[in-house]
Amino acid sequence: MSAAALAVRGLSVAYGTAVVVRDLSFDLQPGEVLALVGLSGCGKTTVLRALLGLLPPSARVDGRLRAAGEDLAPNDRTALRRRLGHAIGFVAQNPFDACAPHRSVRAHIEEAWRALGHRPDPARIAALCDRLGLDPAMLDRFPHEWSGGMLQRANIAAALALDPPVVLADEPTSAVDADNAKAVMACLRDGGRSVLVVSHDLDLMARTANRILLLENGRIAAETPAGQAYAETAPGPIRTFARAAALVRPPEPSAAPPLLECQDLVLVRGARPLFPPLSLRLRPGEVLGVVGPSGSGKSSLLAALAGRLPPAAGLILRDGAERPPRRGEVLTLFQNALSSMNPRWPIERVVAEPLTVGPVRLARAARAAAARAMLARQGLAEVDPGRRPWQLSTGQTQRVTLARAALARPRLLLADEPTSALDPRQRCLAIEGLARIAAAGSAVVLVSHDRGMLDRVCHRVVTLDPCSTMRP
Amino acid sequence: MIGLSRRAATAPRPGAMPPTDFPAALLRHPSGRWGLALCLLLLGAAAAGPWLAPHPPNLPDYAATLRPPGPGHWLGTDAMGRDQLSRLLDGARRSLGGAAAVTAAITLVGLLVGSLAALSGRWIDAALMRLVDVVMALPGLIVAFGVLGLLGPGYLNLLIALAAADWAYKARIARACALEAVRSPAAMVAREIGVPEWRVLAQHVLPSVLWPLLVLATLGLGGQIAAISAFSFLGLGVQVPHAEWGAMLAESRFHFQIAPWLLLAPALCIFVAVLASNLLGEALRDIATPEARS
């Protein structure tokens, strides 16, 4: 165990009587990329935070740690935190939470040196920027001026600033697209570094890690060399996990005339065009993916297609004519599903809202029954339909809005990052719901930063910002 | 009492919601249980006052002045021989009813002004909000004194003055809540589905404005009771011979050394009333924002 860069024996974390992580043991070998994968709430992030001494005092941590030939007490949080930066690097999941909003990103990176009383090294910062494809001129701007994916890379630069031999990364690729994700992973392991990475993206881990540990309910359920994660010989739990994350593609659209057509569409923010003139056509039943970095105008495009934002130039034709959308023709699925529901209404009433309009008046009981049937089709049969939206999990709220969309039967469904907060199993269910709506004849525009998912789910994918600044 | 209290700073966030079982949740909440019980007790006493009162509240009896509590006069008599219990019950209607009227008025005015500003936008919004700025820039006490100076002392004038001093804050909250609710994804989805605009306003916007205002109203009720009492104590509110808790306090202070019960009873009533409304308001706030409770 002395050879390992980080050795963990019998790690347990409990909050009161609730045990979150149970008796976890693993070695992180020098130069190895070890992936911890699992569904939301399986304890992945808790393991990382325990190893870094970043858990709140209410958490009880037990077990033994050994790093670089030195024994560490897992509940001596001060000693663990003293290792941050020079002995162990940490990349937090949400880059915006990790940066102080009132300080420039350069100050955030320089903090790595200043925390230890050293002088920042401009040459090292420049080298890291170059390696990670960051524009050095951007460094003096504030975090809110950065896109999520770029800021995530700046965060990685901060974690690698002092060149620690071990890096712990929590979903470091959640905000970047598939090509950049591989580059980020390569950068993390630069120079034979040991990397422990937490992710729910089994696909990416199978391609970029050496070894994969599957976590279930705070225990290691299975272990496999990364190359064999999708092999027939992979352990049962890993095969189940991979199957649950498999995405379905809706059937090919009909040859009906397009219901929506954009010709040289230009949208502006201030005076600056958001993307080059865009032309596209959508047929009933077609699923169109829109991918692009944050700030490239994905949400603005959806607002324009919904008729909320007038285009600066170009045409949006509906059924071949330039007209505003009719009531009930377009429906938006918001990224934050919870905010798109009336918090005072039971989910049954939320789902039934589309039935309160239109020529046919349904009795309240009939509406409720239809809503319940639709909730059941979205896999929410076991959830009490009298619950309020805020009493549900994120994945469940997303599926409630899908049930509502299925009852609304819009001709055009605009989905804004509907899966970004979901784990693979929930994401798979949400995509299934979208595919069902498309199969019923609605055209779907699906916006996401997850290129890999779009490639598997959509009939066509439009990239809003084709130029990538990331180097391989 | 007038203006921003510490508690008002932690006003419920817009879009606050009552849960499924609102009455049950109120009874489960310790503050809610006690606040409700005390409120019902006080309101019951005020409503049944004329039947409960053993004597006419304003009838002097110069043969029985400054009697200590005892049979016949359970809470004693004042300097003119009027029955203290009867006057407390009679005064409850003015203290509590006045506070309720002022609170209802400022909530309604705040709701109307705030919603109008948020929904009409442009120059109506700008004009209304600058007016609100002016009123909020003046301390509430000064506004109330100013209005009373214009209208002259009196119970009804006092209620008008208190309402004039406090509506602006509610209008601001209402505007913020309405703005957020009108642009919320929930309202946008309803419009896309084809729900008519009046129903979007009634079902998605109005509750998001009304509910936070109701919580604020209960929290402010105690302050209004104290304000009415304070102005009556200064002689600017309820006029002789009518009873009101603050006015009774004012009259009793001349005889405090020989008849302390005259001071204690109305003071205790004011205290209990303020406590009850604060407990109730706190419970409502917790129920409205369950995730904010610590």
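First, a word on scope: everything that follows refers to the structure included in this document. (Residues numbered from 1 in each chain as written. Chains lettered and ligands numbered in written order. Predicted model: local features only at pLDDT ≥ 70, side-chain atom pairs only at ≥ 80, totals over all residues. Heavy atoms only, no water.)

The next thing to look at is the overall build of chain A. Helix and strand counts for chain A stand at 15 helices and 20 strands. When the 472 residues of chain A are sorted by exposure, 54% land in the buried category. In chain A, the share of contacts with a sequence separation of at least 24, taken over all contacts with a separation of at least 6, comes to 70%. Surface summary for chain A: the accessible area is close to 20,000 Å², and the carbon and sulfur share equals 52%. (Helix = DSSP H or I, 4+ residues; strand = E, 2+ residues; numbered from the N terminus. Buried < 20%, exposed > 50% of the residue type's maximum accessible area, 1.4 Å probe, protein only. Contact = heavy atoms within 4.5 Å. Areas by Shrake-Rupley, 256 points an atom, 1.4 Å probe, with all protein chains shown as cover.)

What follows covers the packing of aromatic side chains. Under the definition given, this model contains 1 aromatic pair over all chains. Geometrically, the ring pair formed by F145 of chain B and F231 of chain B is tilted, given 5.2 Å between the ring centres and 55° between the ring planes. Separated by 86 residues along the polypeptide, F145 of chain B in helix 6 (residues 140–151) and F231 of chain B in helix 9 (residues 197–233) bring together distant segments of the chain. Taking relative accessible area as the criterion, F145 of chain B reaches 36% and is therefore assigned partly exposed. Between the NZ or CZ atom of R349 of chain A and the centre of the ring of W345 of chain A, over which it lies, the distance is 3.9 Å. (Phe/Tyr/Trp six-rings, centres within 6.5 Å; stacked < 30°, edge-to-face > 60°. Lys NZ or Arg CZ within 6 Å of the ring centre and 35° of its normal.)

A few words on the nonpolar core. All names here are of chain B. Formed by 51 residues in total, the largest nonpolar core has its most connected members in L96, L162, W167 and W245. Looking at this core, the element that brings in the most residues is helix 11 (residues 261–288), giving 10 residues. Residues in contact with L96, not counting those within four places in the same chain, are L42, L43, A46, I225, W245 and A273. (Core = buried A, V, L, I, M, F, W, Y, C linked by side-chain atoms within 4.5 Å.)

We now examine the interface of chain B and chain A. Bring the parts together and some accessible area is lost; that lost area is often taken as the interface size. The interface is formed by 24 residues belonging to chain B together with 27 residues belonging to chain A. Summing both sides of the interface, chain B and chain A together bury roughly 2,100 Å²; the carbon and sulfur share of this comes to 57%. On inspection of chain B and its partner chain A, the count reaches 1 salt bridge. Where chain B packs against chain A, one counts 11 residue pairs in polar contact (both at pLDDT 80 or more). (Buried area = accessible area lost by both parts, 1.4 Å probe. Salt bridge = Lys/Arg side-chain N within 4 Å of Asp/Glu carboxyl O. Polar contact = N/O pair within 3.5 Å; in protein donor to acceptor, adjacent residues only side chain to side chain.)

It is worth spelling out helix 5 (residues 122–137) of chain B at this point. All names here are of chain B. Taking 1.5 Å per residue as the helical rise, helix 5 with its 16 residues ought to reach 22 Å, and the 22 Å between its terminal C-alpha atoms agrees with that figure. Residues D125, L128, M129, V132 and V135 constitute the buried set of helix 5. All buried residues of helix 5 fall inside an arc of 115° around its axis, so they share one side. Pointing more than 90 degrees away from the buried face of helix 5 are the exposed residues R122, W123, V134 and A137. (Expected span 1.5 Å × (residues − 1). Arc of directions from axis to C-beta.)

The subject of this paragraph is the packing of helix 6 of chain B against helix 7 (residues 155–182) of chain B. All names here are of chain B. Following both chains from N to C, one finds helix 6 and helix 7 inclined at 145°, their axes separated by 8 Å at the closest point. The two elements helix 6 and helix 7 cross, and the hand of that crossing is right-handed. In this structure, helix 6 contributes G140, V143, A144, V147, L148 and L151 to the contact, and helix 7 contributes N157, L158, I160, A161, A164 and A165. Across the contact of helix 6 with helix 7, the residue classes tally to 10 nonpolar, 2 polar and no charged. (Axes fitted to C-alpha atoms, helices over the stretch in contact; angles between N-to-C directions. Left-handed = near helix turned anticlockwise from the far one by under 90°. Nonpolar A, V, L, I, M, F, W, Y, C, P; charged D, E, K, R; others polar.)

Residue and element names in this part refer to chain A. Within the secondary structure, D62 sits in strand 4 (residues 59–67). For the pair D62 and N75, spaced 13 residues apart in the sequence, the C-alpha separation amounts to 6.9 Å. Setting aside residues no more than four positions away along its own chain, D62 makes contact with G10, L11, S12, P74 and N75.

Looking now at the pattern of salt bridges. Residues and elements named next belong to chain A. Going through the model one piece at a time under the given rule, you end up with 30 salt bridges over all chains. Across the pair R106 and D140 runs a salt bridge, and its minimum N-O distance is 2.9 Å. Pair noted here: R106 is in helix 4 (residues 105–114) and D140 is in the loop between helix 5 (122–132) and helix 6 (148–160), with a separation of 34 residues, a long-range link. Owing to a relative accessible area of 48%, D140 belongs among the partly exposed residues under this scheme. The shortest N-O distance in the salt bridge between R131 and D190 comes to 2.8 Å. Note that R131 is positioned in helix 5 and D190 in the loop between helix 7 (178–188) and strand 8 (194–199), a separation of 59 residues in sequence. Judged by relative accessible area, which is 28%, R131 ranks as partly exposed. The exposure class of D190 is partly exposed, given its relative accessible area of 29%. Among the ionic contacts, a cluster of salt bridges with common partners joins D319, R323, E329 and R411.

So, about a nonpolar patch on the surface. Residue and element names in this part refer to chain B. Taken together, the side chains of L141, I142, F145, F233 and L234 define a hydrophobic patch exposed on the protein surface, amounting to about 460 Å² of accessible area. Considering every element that reaches the nonpolar patch, the biggest residue donor is helix 6, with 3 residues. Mapping I142 onto the fold places it in helix 6. (Patch = residues over 30% accessible without salt bridge, like charges linked within 9 Å, V, L, I, M, F, W, Y side chains within 5 Å.)

This part is about helix 7 of chain B. Taking 1.5 Å of rise per residue, the 28 residues of helix 7 of chain B would be expected to cover 40 Å, and the 39 Å separating its terminal C-alpha atoms lies within 8% of that figure. Judged by how many residues are buried, helix 7 of chain B sits mostly within the fold: 21 of 28 residues are covered.

This brings us to unusual backbone geometry. All names here are of chain A. Positive phi, close to 45°, is recorded for R409, a residue that is not glycine. For R409, the location among the structural elements is in the loop between helix 13 (394–408) and strand 18 (412–416). Residue E417 is not a glycine yet carries a positive backbone phi of 45°. Positionally, E417 belongs in the loop between strand 18 and helix 14 (424–439).

Before going further, it helps to spend a moment on the sheet that holds strand 17 (residues 330–333) of chain A. All names here are of chain A. Strand order in the open sheet formed by 5 strands is 17-18-19-15-20, with parallel pairing between adjacent strands. Both edges of this open sheet fall to strand 17 and strand 20 (460–463), since each of them pairs with a single strand only. Pairwise comparison of adjacent strand axes, ignoring direction, gives a mean angle of 20° for this sheet. Pairing analysis gives 5 bridges linking strand 15 (residues 287–291) to strand 19 (residues 443–448), with the strands arranged parallel. Bridged to V290 within strand 19 is V447. Sitting on the sheet, helix 10 (residues 298–305) touches strand 15, strand 17, strand 18 and strand 19, and the angle it makes with strand 18 is about 160°. Most of the contacts of helix 13 go to strand 17, to which it runs at about 175°, and overall it touches strand 17 and strand 18. (Pairing = 2+ DSSP bridges.)

Moving on: the side chain of E286 of chain A. All names here are of chain A. Within the element layout of this structure, E286 appears in the loop between strand 14 (278–282) and strand 15. Of note is the side chain of E286, whose polar atom sits 2.9 Å from the backbone nitrogen of R283. What E286 contacts, discounting residues up to four positions off in sequence, is P253, R281, S442, A443, V444, H459 and R460.

The next thing to look at is the pairing of strand 18 of chain A. Residue and element names in this part refer to chain A. In terms of burial, strand 18 is a largely internal element, 5 of the 5 residues being buried. In terms of strand pairing, strand 17 meets strand 18 through 4 bridges, oriented parallel. Counterpart to L331 in the pairing with strand 18 is L413. As paired elements, strand 18 and strand 19 share 5 bridges and run parallel to each other. Its bridge partner lying in strand 19, D416 is registered against V447. This β-α-β element, strand 18 to helix 14 to strand 19, shows right-handed connectivity. (Right-handed = clockwise from strand over helix to strand, strands pointing away.)

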